[in-house]
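Spelled out from the first residue to the last, the chains are:
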4 protein chains.
Amino acid sequence: MRRTLKAAILGATGLVGIEYVRMLADHPYIRPAYLAGKGSVGKPYGEIVRWQTIGSVPKGIADQEVKPTDPKLMDDVDIVFSPLPQGAAGPVEEQFAKLGFYVISNSPDHRFDMDVPMMIPEVNPHTASLIDEQRRRRDWKGFIVTTPLCTAQGASIPLAPIFMNFKMNGVMLTTMQSLSGAGYPGIASLDIVDNALPLGDGYDAKTVKEVTRILSEVRRRIQDPPLEEVTLDATTHRIATIHGHYEVAYVTFKEDTDVHKVKEAMEGFIGEPQELKLPSAPERPILITDQDARPQVFFDRWAGNPPGMSVVVGRLKQVNRRTVRFVSLIHNTVRGAAGGGILTAELLVEKGYIDKR
Amino acid sequence: MRRTLKAAILGATGLVGIEYVRMLADHPYIRPAYLAGKGSVGKPYGEIVRWQTIGSVPKGIADQEVKPTDPKLMDDVDIVFSPLPQGAAGPVEEQFAKLGFYVISNSPDHRFDMDVPMMIPEVNPHTASLIDEQRRRRDWKGFIVTTPLCTAQGASIPLAPIFMNFKMNGVMLTTMQSLSGAGYPGIASLDIVDNALPLGDGYDAKTVKEVTRILSEVRRRIQDPPLEEVTLDATTHRIATIHGHYEVAYVTFKEDTDVHKVKEAMEGFIGEPQELKLPSAPERPILITDQDARPQVFFDRWAGNPPGMSVVVGRLKQVNRRTVRFVSLIHNTVRGAAGGGILTAELLVEKGYIDKR
Amino acid sequence: MRRTLKAAILGATGLVGIEYVRMLADHPYIRPAYLAGKGSVGKPYGEIVRWQTIGSVPKGIADQEVKPTDPKLMDDVDIVFSPLPQGAAGPVEEQFAKLGFYVISNSPDHRFDMDVPMMIPEVNPHTASLIDEQRRRRDWKGFIVTTPLCTAQGASIPLAPIFMNFKMNGVMLTTMQSLSGAGYPGIASLDIVDNALPLGDGYDAKTVKEVTRILSEVRRRIQDPPLEEVTLDATTHRIATIHGHYEVAYVTFKEDTDVHKVKEAMEGFIGEPQELKLPSAPERPILITDQDARPQVFFDRWAGNPPGMSVVVGRLKQVNRRTVRFVSLIHNTVRGAAGGGILTAELLVEKGYIDKR
Amino acid sequence: MRRTLKAAILGATGLVGIEYVRMLADHPYIRPAYLAGKGSVGKPYGEIVRWQTIGSVPKGIADQEVKPTDPKLMDDVDIVFSPLPQGAAGPVEEQFAKLGFYVISNSPDHRFDMDVPMMIPEVNPHTASLIDEQRRRRDWKGFIVTTPLCTAQGASIPLAPIFMNFKMNGVMLTTMQSLSGAGYPGIASLDIVDNALPLGDGYDAKTVKEVTRILSEVRRRIQDPPLEEVTLDATTHRIATIHGHYEVAYVTFKEDTDVHKVKEAMEGFIGEPQELKLPSAPERPILITDQDARPQVFFDRWAGNPPGMSVVVGRLKQVNRRTVRFVSLIHNTVRGAAGGGILTAELLVEKGYIDKR
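Everything quoted here is computed from the prediction, not taken from an experiment.

1. Quick look at the overall build of chain A
For step 1, the next point in the chain: Looking only at helices and strands, chain A has 10 helices and 13 strands in total.
For step 2, the next point in the chain: On C-alpha atoms alone, chain A measures out to a radius of gyration of 20 Å, which is about the 21 Å that the 2.2 N^0.38 rule sets for 357 residues.
For step 3, the next point in the chain: By principal-axis analysis of the C-alpha atoms, chain A measures approximately 60 × 50 × 35 Å.
For step 4, the next point in the chain: At a minimum sequence separation of 6, the contacts of chain A that also span at least 24 residues come to 77%.
For step 5, the next point in the chain: A total accessible area of about 12,400 Å² is found for chain A, and carbon and sulfur atoms account for 48% of it.
For step 6, the next point in the chain: In chain A, which carries 42 positive and 43 negative side-chain charges, the distance between the mean positions of the two groups comes to 2 Å.

2. A short note on the side chain of Ser328(C)
Residue and element names in this part refer to chain C.
For step 1, the next point in the chain: Mapping Ser-328 onto the fold places it in strand S13 (residues 323-330).
For step 2, the next point in the chain: Judged by relative accessible area, Ser-328 falls into the buried class, the value being 1%.
For step 3, the next point in the chain: Within the local environment of Ser-328, its side chain forms a polar contact with the backbone oxygen of Gly-154, the two atoms lying 2.9 Å apart.
For step 4, the next point in the chain: Setting aside residues up to four positions removed in sequence, Ser-328 forms contacts with Gly-154, Pro-158, His-245, Tyr-246, Glu-247, Val-311, Val-312 and Val-313.

3. Details of the sheet that holds strand S1 (residues 5-9) of chain A
All names here are of chain A.
For step 1, the next point in the chain: Pairing is parallel across the open sheet formed by five strands, whose spatial order is S2-S1-S3-S4-S5. With one partner strand each, in any of the chains shown, strand S2 (30-35) and strand S5 (143-146) form the two edges of the open sheet. The mean angle between the axes of side-by-side strands here comes to 25°, regardless of whether they run parallel or antiparallel.
For step 2, the next point in the chain: Inspection of the sheet shows strand S3 (residues 79-82) paired to strand S4 (residues 102-105) by four bridges, in the parallel sense. Residue pairing in the sheet places Phe-81 in a bridge with Ile-104 of S4.

4. A few points about the sheet that holds strand S10 (residues 245-253) of chain B
As a general point, the strands of a sheet are linked pairwise by backbone hydrogen bonds and lie either parallel or antiparallel.
Residues and elements named next belong to chain B.
For step 1, the next point in the chain: Read from one edge of the open sheet, six strands run S8-S6-S10-S13-S12-S11, paired in mixed fashion. Single-partner strands in this sheet number two, and they are strand S8 (231-235) and strand S11 (286-288). Each neighbouring strand pair of the sheet contributes to a mean axis angle of 25°, computed without reference to strand direction.
For step 2, the next point in the chain: For S10 and strand S13 (residues 323-330), the ladder comprises eight bridges, and the chain directions are antiparallel. When the bridges of S13 are listed, Thr-252 appears paired with Thr-323.

5. Quick notes on the environment of Ile222(A)
Residue and element names in this part refer to chain A.
For step 1, the next point in the chain: Assignment of secondary structure puts Ile-222 in the loop between helix H6 (200-216) and strand S8 (231-235).
For step 2, the next point in the chain: Between the C-alpha atoms of Ile-222 and Lys-167, which are 55 residues apart in sequence, the distance is 7.7 Å.
For step 3, the next point in the chain: Non-local contacts of Ile-222, meaning those with residues more than four positions away in its chain, are made with Phe-163, Met-164, Asn-165, Phe-166 and Lys-167.

6. Notes on the relation of the copies chain B and chain A
For step 1, the next point in the chain: Mapping chain B onto chain A leaves a residual RMSD of 0.0 Å; the transformation is a rotation of 180° accompanied by 0.0 Å of translation along its axis. Taken together, the rotation and translation relating the two chain copies correspond to the operation of a two-fold axis.
For step 2, the next point in the chain: Comparing interface residues between copies, 100% of those in chain B also sit at the interface in chain A, which points to an isologous, same-surface contact.

7. Observations concerning the UniProt feature "active site" (unreviewed entry) in chain A
Residues and elements named next belong to chain A.
For step 1, the next point in the chain: Mapped onto the present numbering, the UniProt feature "active site" (unreviewed entry) falls on Cys-150 and His-245. Spanning 96 residues, the named residues form one tight spatial group whose C-alpha atoms are at most 7.9 Å apart.
For step 2, the next point in the chain: Discounting residues that sit within four places of it in the chain, Cys-150 has contacts with His-245, Glu-247, Ile-330, Asn-332 and Gly-336.
For step 3, the next point in the chain: On the basis of relative accessible area, His-245 is assigned to the buried category, the value being 0%.
For step 4, the next point in the chain: In this structure the side chain of His-245 is engaged in a polar contact, spanning 3.1 Å, whose partner is the backbone nitrogen of Ser-178.

8. Observations regarding the relation of the copies chain A and chain D
For step 1, the next point in the chain: Taken as rigid bodies, chain A and chain D are interconverted by a rotation of 180° and an axial shift of 0.0 Å, the fit giving an RMSD of 0.0 Å.
For step 2, the next point in the chain: With an isologous cut-off of 70% or more, the 100% of interface residues of chain A that recur at the interface of chain D puts this contact in the isologous class.

9. Topic: the UniProt feature "domain: Semialdehyde dehydrogenase NAD-binding" (unreviewed entry) in chain A
For step 1, the next point in the chain: Mapped onto this numbering, the UniProt entry annotates "domain: Semialdehyde dehydrogenase NAD-binding" (unreviewed entry) at residues 6-131 of chain A.
For step 2, the next point in the chain: Measuring from the first to the last C-alpha atom of residues 6-131 of chain A gives 21 Å, for a span that is 21% helix and 14% strand.

10. Quick look at the interface of chain A and chain D
For step 1, the next point in the chain: Listed by partner, the interface residues are 18 residues for chain A and 18 residues for chain D.
For step 2, the next point in the chain: Three residues stand out in chain A for area buried against chain D, namely Ser189(A), Leu190(A) and Val193(A), and they jointly supply 44% of the buried area on that side.
For step 3, the next point in the chain: Summed over the shared surface of chain A and chain D, the number is two salt bridges.
For step 4, the next point in the chain: The salt bridge involving Arg50(D) is made with Asp191(A); its shortest N-O contact spans 3.1 Å.
For step 5, the next point in the chain: Where chain A meets chain D, there are 10 residue pairs in polar contact (both at pLDDT 80 or more).
For step 6, the next point in the chain: Grouping the amino acids of the side of chain A that touches chain D by side-chain chemistry returns 11 nonpolar, four polar and three charged.

11. Description of empty space enclosed by the protein
For step 1, the next point in the chain: In this structure the tally under the stated criterion is four cavities of 30 Å³ or more.
For step 2, the next point in the chain: Counted as a void, the largest cavity has a volume near 310 Å³.
For step 3, the next point in the chain: Together, 27 residues line the largest cavity, and Ala240(A), Ala240(B), Ala240(C), Val193(D) and Ala240(D) are the ones closest to its centre.
For step 4, the next point in the chain: Residues belonging to the lining of the largest cavity are distributed by class as follows: 16 nonpolar, seven polar and four charged.

12. Some points on unusual backbone geometry
For step 1, the next point in the chain: The omega torsion of the bond from Arg294(B) to Pro295(B) falls at 0°, within 30 degrees of zero and hence cis.
For step 2, the next point in the chain: Position of Pro295(B) among the secondary structure elements: in the loop between S11 and helix H9 (297-300).
For step 3, the next point in the chain: Cis rather than trans, the peptide bond between Asp224(C) and Pro225(C) has omega equal to -5°.
For step 4, the next point in the chain: In this structure, Pro225(C) sits in the loop between helix H6 (200-216) and strand S8 (231-235).
For step 5, the next point in the chain: The phi torsion at Asp194(D) lies on the positive side, around 55°, for a residue other than glycine.
For step 6, the next point in the chain: Residue placement: Asp194(D) occurs in the loop between strand S6 (168-176) and strand S7 (197-198).

13. With respect to the side chain of Thr323(D)
For step 1, the next point in the chain: Along the chain, Thr323(D) turns up in strand S13 (residues 323-330).
For step 2, the next point in the chain: Within polar-contact distance, the side chain of Thr323(D) engages the side chain of Asn320(D) at 2.8 Å.
For step 3, the next point in the chain: Contact partners of Thr323(D), with chain neighbours within four places excluded, come to Met172(C), Tyr250(D), Val251(D), Thr252(D), Lys317(D) and Gln318(D).

14. As for the packing of helix H1 (residues 15-24) of chain A against helix H10 (residues 334-350) of chain A
Residues and elements named next belong to chain A.
For step 1, the next point in the chain: At their nearest, the axes of H1 and H10 sit 9 Å apart, and the two run at 50° to each other. The orientation of H1 relative to H10 falls into the category oblique. At the point where H1 passes H10, the crossing takes the right-handed sense. For the pair H1 and H10, the contacting residues are Val-16, Glu-19, Tyr-20, Arg-22, Met-23 and Leu-24 in the first and Val-334, Ala-337, Ala-338, Gly-339, Gly-341 and Ile-342 in the second.
For step 2, the next point in the chain: Of the residues that constitute the contact of H1 with H10, the class distribution is eight nonpolar, two polar and two charged.

Rules and cut-offs
- Residues numbered from 1 in each chain as written.
- Chains lettered and ligands numbered in written order.
- Predicted model: local features only at pLDDT ≥ 70, side-chain atom pairs only at ≥ 80, totals over all residues.
- Heavy atoms only, no water.
- Helix = DSSP H or I, 4+ residues; strand = E, 2+ residues; numbered from the N terminus.
- Rg over C-alpha atoms; globule rule 2.2 N^0.38 Å.
- Contact = heavy atoms within 4.5 Å.
- Areas by Shrake-Rupley, 256 points an atom, 1.4 Å probe, with all protein chains shown as cover.
- Lys, Arg positive; Asp, Glu negative; His and termini not counted.
- Charge placed at Lys NZ, Arg CZ, Asp CG, Glu CD.
- Buried < 20%, exposed > 50% of the residue type's maximum accessible area, 1.4 Å probe, protein only.
- Polar contact = N/O pair within 3.5 Å; in protein donor to acceptor, adjacent residues only side chain to side chain.
- Pairing = 2+ DSSP bridges.
- Axes fitted to C-alpha atoms, helices over the stretch in contact; angles between N-to-C directions.
- Least-squares fit on C-alpha atoms with pLDDT ≥ 70 in both.
- UniProt positions renumbered as here; feature names shortened; annotations may be inferred.
- Buried area = accessible area lost by both parts, 1.4 Å probe.
- Salt bridge = Lys/Arg side-chain N within 4 Å of Asp/Glu carboxyl O.
- Nonpolar A, V, L, I, M, F, W, Y, C, P; charged D, E, K, R; others polar.
- 1 Å grid on protein atoms, 1.4 Å probe; cavity = no way out; pocket = protein on both sides within 12 Å on 5 of 7 lines; lining within 4 Å.
- Points joined across faces, edges and corners; volume = space filled by probe spheres on them.
- Parallel < 35°, antiparallel > 145°, perpendicular 65-115°, else oblique.
- Left-handed = near helix turned anticlockwise from the far one by under 90°.

Written as structure tokens, this is what we have:
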């Protein structure tokens, strides 16, 4: 029998932190044991948290005291989940990994270290082996594994089976992202009421950069065209939604490509999490809807089981013989962050990188 | 000297009706003389109108009584502006045209009659000559001229100079449209708070159909590729903005095309309204912004002079050698409806279709 | 052992209908057996419902076919829940009651029939006895029991223990109500984006009328002042929230009244549902928060267990010796409608009005 | 003839700063000559300002360079308008006043200095004489005059004529305030989408404190009851509106008071600005509407001439013989800040405190 793993959640009162707490409260073998915060240390979690998600603070957790982000106090912690903000995350995560902690990070700071996996468990599980190199090069007992930007995940999960199977030539993304993706306080209300807020060149570029890396790690069945010849572009925005990134993708191909086959590829797509029946793996990472005006952010962001772990794809259309259009909807703080982190942890347990004893 | 033309505004209390009233209140030679409504006949306009625009009900108009939509009462009316809703508009407009009225319609009902112009004055002014055929075929003294769907205008105005000058191959549009485009009561609040509302296949299709017709009427400088070989597609949505349709366009070309030249073509684009210095013609129909996160709906929808008559284009980017990205923002009830209608009327006056004496 | 009661839900795809479905899916002895709709008859419930609440359409219900509102098809139905809209509800409910059905209505049409209870089970459970009179007078086997307007419940539940125990002199309410209270499509988006929508004299008046009746049925411990001498007033509004009516109450008293005692009275308030441990009874109908800027609509509307069944009261303040201020937050479609209906049904089962066998 | 006065606007790119710029661009004798900012010094005003108001950056101002907040560079400045944020404002304003500048401040820092006027020109113009004391005590050539909190003005302007004329006993306010009142970035979007945000005890208290002071400076026609015996209370909130504070007031009286007389008092209320025909004085500081569901924030916040300078009062009701209810709507950044500041400056010019030569 598996022992329970004790998890520390850094930034536990943040928008991703609360999803870790919510999902781990019912987890079969990972327990939210150490809730780290800043500014609220010493206070009962339930009193100070902004619970901007479904349900309410789980019993038994509401009374836990928020603790400092201090590895010396975490002797019995097995996994560290780090949804810390950019800049703050980097040095903290490194410190933890050096001290032997297994760190699963949702933060961008180490995503492009060459020996750090940036993982979507269904898409590039084999990149877990980078951990071996990481430890060797850095002489660490612990490690850092990251998950990609929520926006990049919303695109990459449906694009993975397409790039695996078809001669994809280009992807032109337009996003309508939710406010929670920017953290709290994040987006100013005066930027978003009666407005759409373009996120600008920097955000567009990082989305493309991450999608590019993920696709480079997909196990393709065809080799043509090479990724360098595929054009990827993104135009990113926030709108006044609380959770859920909605993305419109126009995909072009080098040869005639049938939208029904593209649909089949997405619908049938599963990966190691499904094969291994990991506890947080949805039956299907991609759910397809045929309804005309769906998915919709409000109604579909919690799709899948666990809720919010499936990306919903819809509005599939054959634009011309070599162009297909679809839209995707991802729950950015669940599949795109906390849920993705937990699924990654579960995979690393199976692969032996996290000791289950 | 020009005499003043008396205009009737049908649906004068609607969202487009109020922009007609606002713009005509200061017009040099068209006067809002007859305000037709339904359900509010006999009441003072200023008391019952929902003035969902800038400023307040113009003095001298607030006290005008709302009148029935009855041609018998409109003896001295010179122009009829009809922003009536789909379905209602068709027969009413026909009745008026038969009786000799000059009808400028923002409604879809007659847009695809083969002898009815669907006009953006800068883009396809020569289609005014369809009026001659219309009168001949139908034996009417009056006529119907339409303006295109606001969404189609937001795309077509920037695409016109591109299609005129470059070997455009395809356009993939994603829209974030405002609530006023659907009229009042229009979109239910529960469809739009914390949501993005896909408009579905029907709306996508009519957008493409109208853009296609407009491009077919552009005066091109090149003939390749023929329009039939150009792929046009649209994925349309509403978001919680009050006015202003924001559209992201990915444009592909048959040959290498420099984004700077595309920019120049848009920036330099003018048409007959500018040459004729029509009173409601903005100096430039397309204003280009180089700012990173602009245009924004809240801040840029009233661009140009008269306010709201220029389309703002920004975020121009060379995606690859044959792909360019830009976004456009159009004030849907001004340039995309009432303002477009007034500019059309001004053009028809100059062309002699509306008698100026 | 109790047999399962089969419930029909009229208007099952509406905003209150879905809460009935959600809550009954887990109910110990009432089963959502007959989902009646209009316009969607014959279609699977899960396909056509706008599930504007938490979770997703319960398994086993998604596939149920929507059926007509026809008593002839409901032979084995034990309870009819009717959240039909005003005007439509009245005759339908009467027809059902005549035919012997037990009708629990959330609609206003019969609320002020003199022999029809308008029930908040914690507040006026004894009014169940009006059923006897109703049957006698109308010679019905079935009956109609109503629940009050959501807005009136949000005020009445906290006011009940105050009126029971203190010499309450007046109540001045200001409400900020959610969109779901108006049904779907309900409030137009253009009425609510960048706006607060006053509901006007009619809505203010019906709120006061219902609060007045409920208070008249409270079991008071004091008799002074008589209700006729108590001033009640309401100024009602909608704002852009999806669920949750937020109400500010200024309460004046005839004598010095200590806010701490008022708080105790509310906090300690329970009724028959709690004493009988009815399955949908929250432990406390009123939850008090001492946090400064709470309750908040987003964070507190699902308070209690079952979620949304407790009214949250906060910002209690001694304004002067004879004036107390508090705010209340009620989940309008749960406690204020479906949940209130289910709790009423449970009470009527206990009281023998609904046959449990 | 009057010479033109040159104004410096501190925080000129802020939400109140832009209203100063907009209003002064057309002012007959005050010119926006020096635009001070922070973080944007040296850049053209038009390029960096978030113009979150009507119209567009006035010509001739768009090109002005933003300058440092440095009195040494302001030799020829006649008036300094200071809408700086709390905390930052205090020392800066003091420095300017010491150096001989006339400072009109919208900031709270000096509002309760005993020798500093907190002025609503129609309500307490005589408090200008505090300037004499201020100069004597502090040995300053310049001075500081403040305007009250926008929320306090929305209540005080309609309450002034009531308190002047009737035996007002208590006021219970509930507010729904706009986002612009909190500045930019101000309120986090996640605090306001699908929510109403209570502002808490601190904000409630400062509203009451300022209303109390203003009422203490009203020129009453009756002396009973003394202000100390009047109960004032406020429950304050923000909702997702951009501009416009909406406030519900329940007013109680010591004797029977006729709502029609209260209405007349408000409607007829004018003050020195109207008598002196100051350029920014609206004809009526209070406009009364009899429409049932008005005022509404979106439609009525720009009431009056200059737009936004009149408070709109509506929903007047006789609650009982000694209680009256009304709602008020004030444009918080215009009448409640910049417009109030300009009107104050105009009054001080007339009174000789600002040299007009």
